[in-house]
Amino acid sequence: MGEFEVHRVRFFGLVPAGVRCMAYQHRGCRLALARTDGAVEVYNFAANYFMEKAIPGHQTRSVEALCWAAGERLFGAGLCGDITEYDLERLHPAYAVDGFGGPIWSMAANNDGTQLAIGCEDGSVKLFQVVPGGVQFEKNLDRQKGRVLCLSWHPSGTHLAAGSINFIRVLDVRSGRTAQRIMVNYHVPKSKKRECVVWSIAFLSSGTIISSDSFGRVQFWDWERGTLQDSHTVSTSAALSLAVSEEEDSIVVGTSAGATYQFQLLPVKTGGQEKRWVKTKPFQHHTHDVRAVVHTPTALISGGLDAQLVIRPLMEKVQKKSYDAVLRKFTLPHRRLVSCARKARLLLFQFSQHLELWRLGSTNKTGKDGEVLPLSRMPEHLLQLKSKGPEHIYCSCVSPCGSWIAYSTASRFHLYRVQHEGDNISIKKVPGVPKLLLPAYQLQCASDSGRLFIASDRGSVHVVQLLEPGGCKHLHTLRPPAGTREAVYLLASSADGNWLAAVSGDWEAGLCHHCTVPTYSCAVTALAIHPATNNLFISYSDQQVGLFEFSIPEKQYTAWSRSVQNSGLHRLWLERDSPITHIAFNPKNTSQILLHDVYMLCVLDKSLPLPDNNALLVNQSTLKQLSEPARHRQLHAFKICKKFQPLLFADLLDERCLVTVERPAADINAELPPPVQQKKFGT
């Protein structure tokens, strides 16, 4: 593997936004998630839970509710008062329709996906029809006093349950009238009565309404009689969210204390017909409010203000040990937020509305393996580049020489020339940037810093020449021969400047104006072109084949790639639940490939044999203790290091120097507001 001088970077102050709401599409096995900054993400569960789409947020746009309707269409609503449909091909809001009821607190689609109901600040519930290309207002239902915080359709589509402060109402969809009105805290003595907020609600086909409220209760109501059937207090703080399984025999509840609970409908006696809801499983995976939960056929999913997305498998639903049986926690995005200028030893960090440029520190000392060397020059924060306007940044990059910085929002593309004069730095905006470059979803600079590749929609890539002392010229636009509606989300250019690889949202990887790589059934998570051989390396989300190597001149997979696919990889490698997000190469050793995900850094040596399932995969510490002959007998292709976690970025600056960017969970939690105080034993 060799020794590397590692720049261990921990000064990227990224704080991911908390999870606000979620919606699960059962037919496509996809989860849509909205964060508190207005960003929307789509995770594909069939592609090993990969975040396949990301729509950046907006400073003035909050998303309080998400739902899938009419099959593949995703809708959101929030406090701006609009219903928004998201274009999942071009990755931006397609249009917005005013709800005419003030801020929208809740939204739900009926089972057929043909109608949307929204709950508004003014107490009204409004119905909209989902039509091709948009939504149309249908009718107003009975208005109440106070905002409508949650909604749920009866599976038949004939009634709606609406939760607000102190009350639950059942609305007849056909007539628009209130069919039942339930006071949720009528049994509380007057002296102890205080405002009770119904945060979440579910309407079962049996006629039972389940509610969770600010008193920490989960209550079960008979909607026709308006009576309480059962009540469970799960927390001393609020019960904020709940979700029901498709079979309606299990629910999951999230609380403001960070805990989630599962309730199951179980027989009172073995073999008996009478059933009751029983709290069966408590989980504590979050530190802050659990604002959203989802119940899939095989897992409980929760999202919290601590920015974590947690997927907890239901072991009784899992047939064998597989991907579905692994507890997963996602905090960091599956997208690149760090760009490296190797020649200038600079790092560019992307935040939601600004960029930071840092110069790496240096040392004049040498040491032994594992030793921390003192710095002769400290890391330096060179500049902060703020984005104007409310739009969040889509993508950014810095050129290898460190002289160019580019970034894009939904409506603006910015290019800057950076001047380095000793320890001083100046920056100047490049005028006359062609407007046809919008929208930009990914940016990649050529290795000689002479050209900028800009990924756009419909699979197209713009090529821009960077001119001294500070200008640019649009050369041409590369378009896929077959045509696609999806946006390009990954780019890789060759060191000689002759080849450019692009991946669009339909998971098709291709060499621009040359050929298309054979389509695989999973999403591409990373790709890179080898600087010496011009072979294209591709990593897929399912981990099953690990890494493909595609020969660009020969337009086919290499012999090494075919041997990997035929022999398979080590079982522990296949059981990883985090996708490879970056691929790099050792410039002095053409057989070494650097890979990393969130939890490990790996140097893959093609010149060594692949390990079988009986071999120890992570064997670096063991090899150090063996004699030279024994060490050579146990050597294999994978050299794995798990010292750097969680890993946002890793790259080789040269053959002996490596930079890693970490963002520890403790550092993120230190930036979050304090959670609900809980009494701990012994304090």
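Residues numbered from 1 in each chain as written. Predicted model: local features only at pLDDT ≥ 70, side-chain atom pairs only at ≥ 80, totals over all residues. Heavy atoms only, no water.

1. Quick notes on the overall build of the chain
Here is step 1: Summing up its helical and strand segments, the chain has five helices and 55 strands in all.
Here is step 2: Against the 2.2 N^0.38 benchmark of 26 Å for 683 residues, the chain shows a C-alpha radius of gyration of 27 Å, consistent with a compact globule.
Here is step 3: Considering the chain as a whole, with its 683 residues, one finds that 56% of them fall into the buried category.
Here is step 4: Counting contacts in the chain only where the partners sit at least 6 residues apart, residues at least 24 apart contribute 49% of the total.
Here is step 5: Within the structure as shown, the chain displays about 29,700 Å² of accessible surface, and the carbon and sulfur contribution to it stands at 50%.
Here is step 6: Charged side chains of the chain number 74 positive and 61 negative; the gap between the two group centres comes to 3 Å. (Helix = DSSP H or I, 4+ residues; strand = E, 2+ residues; numbered from the N terminus. Rg over C-alpha atoms; globule rule 2.2 N^0.38 Å. Buried < 20%, exposed > 50% of the residue type's maximum accessible area, 1.4 Å probe, protein only. Contact = heavy atoms within 4.5 Å. Areas by Shrake-Rupley, 256 points an atom, 1.4 Å probe, with all protein chains shown as cover. Lys, Arg positive; Asp, Glu negative; His and termini not counted. Charge placed at Lys NZ, Arg CZ, Asp CG, Glu CD.)

2. Brief notes about the pairing of strand 14 (residues 150-153)
A regular strand carries its side chains on alternate faces of the sheet.
Here is step 1: Alternating positions in strand 14 separate into two faces, Cys150 and Ser152 on one and Leu151 and Trp153 on the other, with burial throughout.
Here is step 2: Taken together, the four bridges between strand 14 and strand 15 (residues 159-163) define a ladder with antiparallel strand orientation. Directly across from Cys150, in strand 15, lies its bridge partner Gly163.
Here is step 3: Linkage of strand 14 to strand 15, two consecutive antiparallel strands, is achieved through a turn of five residues, within which Gly157 is found at a positive phi near 80°. (Pairing = 2+ DSSP bridges.)

3. Remarks on the domain arrangement of the chain
How large an interface is tends to be reported as the accessible area lost when its parts come together.
Here is step 1: Domains assigned within the chain are domain 1 (64-305) and domain 2 (336-368 + 377-479).
Here is step 2: A C-alpha centroid distance of 44 Å is found between domain 1 and domain 2. (Domains from an automatic or database assignment.)

4. Details of the pattern of salt bridges
Here is step 1: Tallied over the entire structure, the rule returns 21 salt bridges.
Here is step 2: We note a salt bridge from Glu85 to Arg73, for which the minimum N-O separation is 2.8 Å. You can see Glu85 sitting in strand 8 (residues 82-87) and its partner Arg73 sitting in strand 7 (residues 73-77), a full 12 residues away along the chain. Each member of the pair, Glu85 together with Arg73, is buried.
Here is step 3: Linked by salt bridges that have partners in common, Arg8, Arg10 and Glu662 make up one network. (Salt bridge = Lys/Arg side-chain N within 4 Å of Asp/Glu carboxyl O.)

5. A few points about helix 1 (residues 559-567)
Here is step 1: Burial in helix 1 covers these residues: Trp560, Ser561 and Val564. Summarising the axial view, the buried residues of helix 1 lie within an arc of 100°, below the 170-degree limit, and thus occupy one face. Seen from the buried face of helix 1, the exposed residues on the opposite side, beyond 90 degrees, are Ala559 and Asn566.
Here is step 2: Buried residues in helix 1 make contact with strand 47 (535-540), strand 48 (547-551), strand 49 (556-557) and strand 52 (601-605).
Here is step 3: Trailing helix 1 by a residue or two, Gly568 shows a phi angle of about 80°, which is positive. (Arc of directions from axis to C-beta.)

6. Some remarks on the pairing of strand 15
Here is step 1: Burial analysis of strand 15 places five of its five residues in the buried class, which makes it a mostly covered element.
Here is step 2: Residues of strand 15 alternate between two faces, with His159, Ala161 and Gly163 on one and Leu160 and Ala162 on the opposite face, all of them buried.
Here is step 3: Counted between consecutive antiparallel strands, the loop separating strand 15 from strand 16 (residues 167-172) contains three residues, among which Asn166 sits at a positive phi close to 75°.

7. A closer look at the sheet that holds strand 54 (residues 647-654)
Here is step 1: On the basis of which strands lie adjacent, the open sheet formed by three strands has the order 1-55-54 and mixed pairing. Both edges of this open sheet fall to strand 1 (5-9) and strand 54, since each of them pairs with a single strand only. Here the average twist between neighbouring strands, direction ignored, is 15°.
Here is step 2: Judged from the six bridges that link them, strand 54 and strand 55 (residues 657-662) form a sheet pairing that is antiparallel. Bridging across to strand 55, Asp651 finds its partner in Val659. (Axes fitted to C-alpha atoms, helices over the stretch in contact; angles between N-to-C directions.)

8. Re the side chain of Ser493
Here is step 1: Residue position: Ser493 is located in strand 42 (residues 488-493).
Here is step 2: Residue class for Ser493 comes out buried when judged on its relative accessible area of 15%.

9. Details of the packing of aromatic side chains
Here is step 1: Counted under the stated rule, the structure contains 18 aromatic pairs.
Here is step 2: Note on Phe12 and Phe351: the rings are 5.1 Å apart at their centroids and 85° apart in plane angle, and the pair reads as edge-to-face. With a gap of 339 residues between them, Phe12 in the loop between strand 1 and strand 2 (19-25) and Phe351 in the loop between strand 31 (346-350) and strand 32 (354-359) connect regions that are remote in the sequence. Comparing Phe12 with Phe351, the two get one shared label, buried. (Phe/Tyr/Trp six-rings, centres within 6.5 Å; stacked < 30°, edge-to-face > 60°.)

10. With respect to the environment of Glu274
Here is step 1: Structurally, Glu274 can be placed in the loop between strand 24 (259-267) and strand 25 (275-284).
Here is step 2: Ignoring sequence-local partners within four residues, the contact set of Glu274 consists of Leu266, Pro267 and Val268.

11. With respect to the environment of Phe585
Here is step 1: With respect to the helices and strands, Phe585 occurs in strand 50 (residues 582-585).
Here is step 2: Residue classification places Phe585 among the buried positions, given a relative accessible area of 11%.
Here is step 3: Ignoring any residue separated from it by four or fewer positions in sequence, one finds Phe585 in contact with Ala528, Ile529, His530, Pro531, Phe537, Gln592, Ile593 and Leu652.

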